[in-house]
Amino acid sequence: MDRETVLFTCENHMATITLNRPNELNAFNYETLVRLQEIIEEIRQDPKNIRAVIVTAEGRAFSAGADLKERRTLTEQQVRRNVRKIRDVFTALERIPQPTIAAINGYAFGGGFELALACDFRFAVRDAKMGLTEVSLGIIPGAGGTQRLTRLIGPSQAKELILTARKISAEEAWEKGILNGVTDNLQELHRRAYSLAEEILQNAPLAVNQAKYAIDKGIGVDLQTGLDIEAKAYEVIIPTKDRVEALEAFREKRKPVFRGE
């Protein structure tokens, strides 16, 4: 039986997506993208049970990007199909209501780096290397890299990294504001990722989701439009049972029990 290209587990409201092609440096072939899309859709449809998501990988690479061995066998039409698929899958990940955390365990190049950029938070081991290296292969980032990296660190720094195809260290990525933290080893990497997820899980899941929505939707608009987006997100929360539970817990001097309702 073929190895599962992507593993998916969920425990205590925390889902973990694990890329599982270590011998291929977790490169994205079409099969992997299809499976990843299925998992993301499952997560999107279950926000009550799944409240935070960690994305990581097996082996020494987070992901080396597109599977170039497969790419060499494809027609131009199939290449376009793959590029559309990876772009759509990463956009779907970015748009799920739950917070997402990339635990970058090794190399993250091209599409691998773009996967991390589609997450809300990013941690990496100190010896990880990352970069958008596509122009060195005669293409450009096609899964959101030109847009997400620019929004994260600004156009000048994004152009420098993309146009040079430069590979940077985790430390440099942290200094540029790409990463939320750098760890010395894999054990610490997963501890940091899970610790952040657990901290988020202490809060009302619907409120967390709406706060994420307001931030994401307000990034590219003027302040007044952003305030309107925030107001609409707040309106979604007012009739929830969790909001009432928080008030009751405050009155009773106890920790609230949030149910995502």
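Note that the structure is predicted; figures quoted are calculated from it, not measured.

Enquirer: Help me out: how do you make sense of the sheet that holds strand β2 (residues 14-19) in this one?
Expert: To summarise the sheet geometry, strands pair through backbone hydrogen bonds and adopt either a parallel or an antiparallel arrangement. If you trace the six strands from one edge of the open sheet to the other, you get β1-β2-β3-β5-β7-β10, paired in mixed fashion. Because the sheet does not close on itself, it has two edges, and the strands there are β1 (6-11) and β10 (181-183). Between one strand axis and the next, the sheet turns by 20° as a mean value, whatever way the strands run. For strand β7 (residues 121-125) and β10, the ladder comprises three bridges, and the chain directions are parallel. Of the residues in β10, the one forming a bridge with Phe123 is Gly181.

Enquirer: Just checking my understanding: could you explain the packing of helix α9 (residues 205-218) against helix α10 (residues 223-237) for this structure?
Expert: Two measures define how a pair of helices packs: the angle their axes make with one another and the distance between the axes. Two elements in contact, α9 and α10, have axes separated by 9 Å at closest approach and are oriented at 165°. By the criterion of interaxial angle, the relationship of α9 to α10 is roughly antiparallel. Relative to α10, α9 is oriented so that their crossing is right-handed. Along the contact surface, α9 presents Leu206, Ala207, Gln210, Tyr213, Ala214, Lys217 and Gly218, while α10 presents Ile229, Glu230, Ala233, Val236 and Ile237. Tallied by class, residues from the contact of α9 with α10 come to eight nonpolar, two polar and two charged.

Enquirer: Mind showing me how you'd approach the side chain of Asp242 here?
Expert: Position of Asp242 relative to the elements: it lies in helix α11 (residues 241-251). Of the side chains bearing the opposite charge, Arg51 lies closest to the buried Asp242, which forms no salt bridge; the N-O distance is 6.3 Å. In terms of polar contacts, Asp242 uses its side chain to reach the backbone amide nitrogen of Arg259, at 2.9 Å. A polar contact is formed between the side chain of Asp242 and the backbone nitrogen of Gly260, at a distance of 2.9 Å.

Enquirer: Got a minute to help me understand the packing of helix α5 (residues 145-153) against helix α6 (residues 155-164) in this structure?
Expert: It is at 7 Å that the axes of α5 and α6 come closest, and there the two elements cross at 135°. When the axes of α5 and α6 are compared, the pair comes out oblique. When the axes of α5 and α6 are compared, the crossing they make is right-handed. Facing α5, whose interface residues are Gly145, Thr146, Leu149, Thr150 and Ile153, α6 presents Pro155, Gln157, Ala158, Leu161 and Ile162. When grouped by side-chain class, the residues that make up the contact of α5 with α6 number six nonpolar, four polar and no charged.

So, how was this worked out
- Residues numbered from 1 in each chain as written.
- Predicted model: local features only at pLDDT ≥ 70, side-chain atom pairs only at ≥ 80, totals over all residues.
- Heavy atoms only, no water.
- Pairing = 2+ DSSP bridges.
- Helix = DSSP H or I, 4+ residues; strand = E, 2+ residues; numbered from the N terminus.
- Axes fitted to C-alpha atoms, helices over the stretch in contact; angles between N-to-C directions.
- Parallel < 35°, antiparallel > 145°, perpendicular 65-115°, else oblique.
- Left-handed = near helix turned anticlockwise from the far one by under 90°.
- Contact = heavy atoms within 4.5 Å.
- Nonpolar A, V, L, I, M, F, W, Y, C, P; charged D, E, K, R; others polar.
- Buried < 20%, exposed > 50% of the residue type's maximum accessible area, 1.4 Å probe, protein only.
- Lys, Arg positive; Asp, Glu negative; His and termini not counted.
- Salt bridge = Lys/Arg side-chain N within 4 Å of Asp/Glu carboxyl O.
- Polar contact = N/O pair within 3.5 Å; in protein donor to acceptor, adjacent residues only side chain to side chain.

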